[in-house]
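Architecture at a glance
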Amino acid sequence: MSSRWPDWTSRALRGLSSVPNGCGLVLAALPLLLKGAGMLGPEAYLIAPGGYLAGFIAGGLLFGFPVLGKKPWEAELSELGFDDNGDARQVIDTALRGIRSLVMHNPDQRLSNILQQRVLGLCDQLEGLLIQWEGSKGTLSLEEEFHARHLAGAYLPQALKTYLSIPKNFASERLLENGRTAHDTLVLALDDLSAKVGQLADDLAGQDAQAFLTHSRFLDEKFGTRKQALR
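Because the structure is a prediction, the values reported are computed rather than measured.

Turning our eyes to something else, we now look at a nonpolar patch on the surface. A grouping of Val26, Leu27, Leu30 and Leu33 is seen on the molecular surface, where their side chains present a nonpolar patch of about 360 Å² in accessible area. Within the fold, Leu27 resides in helix H2 (residues 19–36).

Bringing the side chain of His183 into the picture now. Mapped onto the elements of the fold, His183 is located in helix H9 (residues 182–223). Of the residues examined, His183 reaches a relative accessible area of 13% and is grouped as buried. In this structure the side chain of His183 is engaged in a polar contact, spanning 2.6 Å, whose partner is the side chain of Ser112.

Once that is clear, we can look at the packing of helix H6 (residues 113–135) against H9. Viewed as axis vectors pointing N to C, H6 and H9 meet at an angle of 15°, and their least axial separation amounts to 10 Å. Here H6 lies roughly parallel to H9, going by the angle between them. Helix-helix and strand crossings are classified by hand; for H6 and H9 the assignment is left-handed. Looking at the contact of H6 with H9 residue by residue, the classes come out as 16 nonpolar, five polar and two charged.

Turning our attention to helix H3 (residues 44–63). With 20 residues, H3 should cover 28 Å at 1.5 Å per step; its first-to-last C-alpha distance of 27 Å lies within 8% of that length. For H3, every residue scored as buried is listed here: Ala44, Ala48, Gly51, Gly55, Gly59 and Gly60. Around the axis of H3, the buried residues are gathered within 155° of arc, so they sit on the same side. Facing away from the buried surface of H3 by more than 90 degrees, the exposed residues are Leu46, Leu53 and Leu61. On its buried side, H3 packs onto H2.

Of note, Ala182 is situated in helix H9. For the pair formed by Ala182 and Tyr163, sequence separation is 19 residues and the distance between their alpha carbons is 7.1 Å. The residues touching Ala182, leaving out its near neighbours within four places in the chain, are Tyr163, Ile166, Ala171, Arg174 and Leu176.

In the structure shown here, the tally under the stated rule is four salt bridges. Between Arg118 and Asp191 there is a salt bridge, with its nearest N and O atoms 2.9 Å apart. Pair noted here: Arg118 is in helix H6 and Asp191 is in helix H9, with a separation of 73 residues, a long-range link. One continuous salt-bridge network, built from bridges that share partners, spans Arg100, Asp124 and Glu127.

Looking now at the environment of Val119. Mapped onto the fold, Val119 is located in helix H6. Separated by 74 residues in the primary sequence, Val119 and Leu193 have C-alpha atoms spaced 9.9 Å apart. Beyond its immediate sequence surroundings of up to four residues, Val119 is in contact with Ile99, Val103, Leu156, Leu160 and Leu190.

Since one α-helical turn is 3.6 residues long, residues separated by three or four positions face the same way. With 42 residues, H9 ought to run about 62 Å at 1.5 Å a step, and its terminal C-alpha atoms sit 61 Å apart, in line with that. Burial in H9 covers these residues: Ala182, His183, Leu186, Val187, Leu190, Leu193, Val197, Leu200, Ala201, Leu204, Ser216 and Asp220. Once H9 ends, the next one or two residues include Gly224, with phi positive near 70°.

Next up on the list: the side chain of Arg110. Of note, Arg110 is situated in the loop between helix H5 (88–105) and H6. Looking at Arg110, the relative accessible area reads 10%, which means it is buried. A distance of 3.0 Å separates the side chain of Arg110 from the backbone oxygen of Leu164, its partner in a polar contact.

Procedures and definitions
Residues numbered from 1 in each chain as written. Predicted model: local features only at pLDDT ≥ 70, side-chain atom pairs only at ≥ 80, totals over all residues. Heavy atoms only, no water. Patch = residues over 30% accessible without salt bridge, like charges linked within 9 Å, V, L, I, M, F, W, Y side chains within 5 Å. Areas by Shrake-Rupley, 256 points an atom, 1.4 Å probe, with all protein chains shown as cover. Salt bridge = Lys/Arg side-chain N within 4 Å of Asp/Glu carboxyl O. Helix = DSSP H or I, 4+ residues; strand = E, 2+ residues; numbered from the N terminus. Buried < 20%, exposed > 50% of the residue type's maximum accessible area, 1.4 Å probe, protein only. Polar contact = N/O pair within 3.5 Å; in protein donor to acceptor, adjacent residues only side chain to side chain. Axes fitted to C-alpha atoms, helices over the stretch in contact; angles between N-to-C directions. Parallel < 35°, antiparallel > 145°, perpendicular 65-115°, else oblique. Left-handed = near helix turned anticlockwise from the far one by under 90°. Nonpolar A, V, L, I, M, F, W, Y, C, P; charged D, E, K, R; others polar. Expected span 1.5 Å × (residues − 1). Arc of directions from axis to C-beta. Contact = heavy atoms within 4.5 Å.

What follows is the structure in structure tokens.
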């Protein structure tokens, strides 16, 4: 039970700090101030709740009502928890399904078309790597397997989580210390992840090519056909 307190505290603070709540409190305070000044009688106590309700509704219509529960993208991101147990390829496959669902749904339209294309393209690359890995005679080193697992299960979900925690306008307009917006910074980060996936795919392809060449040499030595061409 105690583990739920931080969530409720966050929701309460979100509601208390909202613009509609501030507008409601201002209008609720007016009749009480007038009563204190002797301009209203006991009816001020009846007017105050109505003033709060009117202010809250007006503030909500003008500036948006507070969202006390999790935002849609927060709820979906919470399903992308990284599980480091089990087969690496199963971890990657599960993570890709969750990431694709989030990006294609794009709740609150938080991701631009460019970011959607980049993330989905990276997912396609990772899926291609997964298929290549399953059919390859090559192997990934422990370090490379670690990167492959964490690209889909940790690095990409964490990049999305941290980006989506930034207000939309801030992310697309404000320059960060690196001289770029958060949006452009994420685009570059996705490009870096894409380059790493390409490197892993090339490594597997190189091993398969070497295995093919070794087998071809074996056939050449065994049967002596096209010996010069193969060499």
